[in-house]
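One-letter residues, chain by chain:
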Amino acid sequence: MTATLEVSAGVGTIRLDRPPMNALDVATQDRIKELAEEATRREDVRAVVVYGGEKVFAAGADIKEMQDMDHAAMVLRSRSLQDSFSAVARIPKPVVAAVTGYALGGGCELALCADYRIAADNAKLGQPEILLGLIPGAGGTQRLPRLIGPSKAKDLIFTGRMVKADEALAIGLVDRVVPAADVYTEAHAWAAKLAQGPAIALRAAKEAVDTGLETDLETGLAVERNWFAGLFATEDRERGMRSFVEEGPGKAKFL
């Protein structure tokens, strides 16, 4: 298997496993999609970590495989490539990327599909496709500017340069930087904490934010309004408000 899904304490870890650099060939792309859809379906998975192992997150696409593909072949493949990564972005649960070593090209694009990114202090991220005479094809031209703004995104995409962890943190490409040995532990802890939260409300929050970013303010407010009112029908809302009244804030236990 080029990737696996392991579940512990409500956290599903999608782990890439294609040594030495976790190059994202077609088989791995398809496997990521399968695992993302499985994590979406499984009730015992309440949050997700995407992880490439201790040494590298993912160094990008399998260039040797792509070299043999012509225009017609990539026309057929490009939608499946994007769908594989979008399946991770569409997981209706909190998703954190645990980034070690290189996250380049498709690896960076995969990290962009997470809700939160924790990077090792030795991590390097970037979109080097321009150096191959290409542009990012798995969402980089769309998700990167939405995350860090168009000017910074164009800098990375136009030049193909890599950024180290400290710069990635400064421009908002990652959210936390920790020692390399602590990346997975920290990412799992972040996910595990949210896995104990109100699942439907977390799903609502994620959908409201993501939908709002893709549409106009009035439509986004309508999505928020509908979810907000709908959550009043949930047991979690009853449990959370009862706990607040009886015990004070932040003490509710959700199922």
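Residues numbered from 1 in each chain as written. Predicted model: local features only at pLDDT ≥ 70, side-chain atom pairs only at ≥ 80, totals over all residues. Heavy atoms only, no water.

(A) View of the overall build of the protein. Secondary structure summary: the protein contains 11 helices and nine strands in total. The C-alpha radius of gyration computed for the protein amounts to 19 Å, which stays within 12% of the reference 18 Å derived for 255 residues, consistent with globular compactness. With the C-alpha coordinates aligned to their principal axes, the bounding extent of the protein is approximately 65 × 40 × 35 Å. Counting the 255 residues in the protein, one finds 43% classified as buried. At a minimum sequence separation of 6, the contacts of the protein that also span at least 24 residues come to 69%. Put simply, the protein shows about 13300 Å² of open surface, and 56% of that area lies on carbon and sulfur atoms. If you average the places of the 31 positive and of the 36 negative side-chain charges in the protein, the two averages end up 2 Å apart. (Helix = DSSP H or I, 4+ residues; strand = E, 2+ residues; numbered from the N terminus. Rg over C-alpha atoms; globule rule 2.2 N^0.38 Å. Buried < 20%, exposed > 50% of the residue type's maximum accessible area, 1.4 Å probe, protein only. Contact = heavy atoms within 4.5 Å. Areas by Shrake-Rupley, 256 points an atom, 1.4 Å probe, with all protein chains shown as cover. Lys, Arg positive; Asp, Glu negative; His and termini not counted. Charge placed at Lys NZ, Arg CZ, Asp CG, Glu CD.)

(B) Region of the structure containing the nonpolar core. If you look at the biggest cluster of nonpolar residues, it comprises 59 residues, and the most contacted ones within it are F57, V88, V99, L125 and L173. The contact partners of L173, leaving out residues within four places of it in the chain, are C108, L112, R117, L125, L144, L147, I148, L156, V163 and A168. (Core = buried A, V, L, I, M, F, W, Y, C linked by side-chain atoms within 4.5 Å.)

(C) Structural view of the sheet that holds strand β6 (residues 116-120). Reading across from one edge, β1-β2-β3-β4-β6-β9 is the order of the six strands in this open sheet, with mixed pairing throughout. Bordering the open sheet on either side are β1 (3-8) and β9 (176-178), each of which pairs with just one other strand. With strand direction ignored, the average angle separating the axes of adjacent strands in the sheet is 20°. The pairing of strand β4 (residues 95-99) with β6 spans four bridges and is parallel. By the bridge assignment for β6, V99 is matched with A119. (Pairing = 2+ DSSP bridges. Axes fitted to C-alpha atoms, helices over the stretch in contact; angles between N-to-C directions.)

(D) Region of interest: the sheet that holds strand β8 (residues 162-164). Strand order in the open sheet formed by three strands is β5-β7-β8, and the pairing between neighbours is mixed. Looking at strand neighbours, the two that pair on one side only are β5 (102-104) and β8, the edges of this open sheet. Put simply, the sheet's adjacent strands are angled 20° from each other on average, direction ignored. In the sheet, β5 pairs with strand β7 (residues 124-126) via three bridges, with the strands oriented parallel. Note on β7: the bridge partner recorded for A103 is L125.

(E) Spatial organisation of the pattern of salt bridges. A complete count under the given rule lists 13 salt bridges for this structure. Residues R18 and D25 are paired through a salt bridge, measuring 3.3 Å at the closest nitrogen-oxygen approach. Overall, the relative accessible area of 24% leaves R18 in the partly exposed class. With its nearest N and O atoms 2.7 Å apart, the salt bridge here joins K33 to E37. Of the two residues, K33 and E37 are both situated in helix α1 (residues 26-41); the distance of four residues between them amounts to about one turn of the helix. A residue is classified by how much of its surface remains accessible, and E37, at 33% relative accessible area, is partly exposed. Connected through shared salt-bridge partners, R18, D25 and D62 make up one network. (Salt bridge = Lys/Arg side-chain N within 4 Å of Asp/Glu carboxyl O.)

(F) Expanded view of a nonpolar patch on the surface. A cluster of nonpolar side chains, M21, Y102 and M162, forms an exposed patch at the surface whose accessible area comes to about 240 Å². Looking at the element boundaries, Y102 is found in strand β5. (Patch = residues over 30% accessible without salt bridge, like charges linked within 9 Å, V, L, I, M, F, W, Y side chains within 5 Å.)

(G) Highlighting the pairing of strand β2 (residues 11-16). Taking burial as the measure, the six residues of β2 include five buried ones, the bulk of the element. In this structure, β1 lies alongside β2, joined through six bridges in antiparallel fashion. Bridge pairing in β2 places V7 opposite G12. With five bridges joining them, β2 and strand β3 (residues 47-51) adopt parallel strand pairing. Bridged to T13 within β3 is V49. Regarding topology, α1 serves as the crossover connection from β2 to the parallel β3, and that connection is right-handed. (Right-handed = clockwise from strand over helix to strand, strands pointing away.)

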